[in-house]
Amino acid sequence: MQRGGSDQQLPLTVLCLDNDDAILDGMRALLGRWGVDCRVATDVAQAAAAMERGPVDLILADYHLADGLDGVQALQQLRAAVGELPPVAMITADGSSELKARARALGYPLLHKPVRPAALRALLTALVRKQGNAGS
């Protein structure tokens, strides 16, 4: 089932966690063009509900969320609510070395805002390949 080109569909379910509805709408539109099932959430409760609807392959979490909560804290709360999490990538406009070190320690790749579609697509394609190599 190898198809080339950027029109290749990506059989993934991605949960986008961001407190900005406009960003969520943009991510849903972009990922939808690639055949990705995109679920969106503006907070931890919505994210937990989205994960209860079925398996999620990847969480894209914004680092700066509402109410002083950061993406890492939100993911900790989500893990407490639903258990094991799928792979996570953080999205941020914060270029600090502190955040880079924190994300690296947790194994979270960082995508910087504005997110380049090519960088996001490369991350998703790598995830599909990894799943294929795992036999799923």
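Because the structure is a prediction, the values reported are computed rather than measured.

Trainee: Explanation requested: the confidence of the model for the protein in the structure shown.
Mentor: Do not read the predicted coordinates in detail wherever pLDDT is low. Scored by pLDDT, the protein comes out at a mean of 90, with 93% of its residues at no less than 70. Counted against residues more than four places away or in other chains, residues 1-5, with its pLDDT under 50, gives 3 contacts.

Trainee: Where do I start with the packing of helix α2 (residues 44-52) against helix α3 (residues 71-82) in this structure?
Mentor: In contact at an axis separation of 10 Å, α2 and α3 are set at 45° when each is read in the N-to-C sense. Between α2 and α3, the interaxial angle falls into the category oblique. Considering how the two elements wind past one another, α2 and α3 form a crossing that is right-handed. Here V44, A47, A48 and M51 of α2 lie close against α3, whose contacting residues are A74, Q77, L78, A81 and V82. Residues that form the contact of α2 with α3 fall into these classes: 8 nonpolar, 1 polar and no charged.

Trainee: What's the story with the layout of surface pockets in this structure? I'm lost.
Mentor: Over the atoms rolls a probe the size of a water molecule, and its path tells where empty space is left. A volume near 180 Å³ is recorded for the second largest pocket. In terms of lining, the second largest pocket is formed by 17 residues, of which the most central are I23, M27, I91, K113 and V115. Elements represented by at least two residues in the lining of the second largest pocket include exactly β1 (13-17), α1 (21-33), β3 (58-62) and α5 (117-133). Sort the elements by how many residues they give to the lining of the second largest pocket and α1 lands first, with 4 residues. The residue inventory of the lining of the second largest pocket, partitioned by class, reads 13 nonpolar, no polar and 4 charged.

Trainee: Where do I start with the pairing of β1 in this structure?
Mentor: Across a regular strand the side chains alternate sides, sitting on one face of the sheet and then on the other. Judged by how many residues are buried, β1 sits mostly within the fold: 5 of 5 residues are covered. Going residue by residue along β1, you find T13, L15 and L17 tucked away on one face and V14 and C16 tucked away on the opposite face as well. Pairing of β1 with strand β2 (residues 37-41) involves 5 bridges; the strand directions are parallel. Counted as the bridge partner of V14 is C38 from β2. Regarding the hand of the β-α-β motif, the stretch spanning β1, α1 and β2 is right-handed. Inspection of the sheet shows β1 paired to β3 by 4 bridges, in the parallel sense. When the sheet's bridge partners are listed, V14 is paired in β3 with L58.

What counts, and where the lines are drawn
- Residues numbered from 1 in each chain as written.
- Predicted model: local features only at pLDDT ≥ 70, side-chain atom pairs only at ≥ 80, totals over all residues.
- Heavy atoms only, no water.
- pLDDT = per-residue confidence, 0-100.
- Contact = heavy atoms within 4.5 Å.
- Axes fitted to C-alpha atoms, helices over the stretch in contact; angles between N-to-C directions.
- Helix = DSSP H or I, 4+ residues; strand = E, 2+ residues; numbered from the N terminus.
- Parallel < 35°, antiparallel > 145°, perpendicular 65-115°, else oblique.
- Left-handed = near helix turned anticlockwise from the far one by under 90°.
- Nonpolar A, V, L, I, M, F, W, Y, C, P; charged D, E, K, R; others polar.
- 1 Å grid on protein atoms, 1.4 Å probe; cavity = no way out; pocket = protein on both sides within 12 Å on 5 of 7 lines; lining within 4 Å.
- Points joined across faces, edges and corners; volume = space filled by probe spheres on them.
- Buried < 20%, exposed > 50% of the residue type's maximum accessible area, 1.4 Å probe, protein only.
- Pairing = 2+ DSSP bridges.
- Right-handed = clockwise from strand over helix to strand, strands pointing away.

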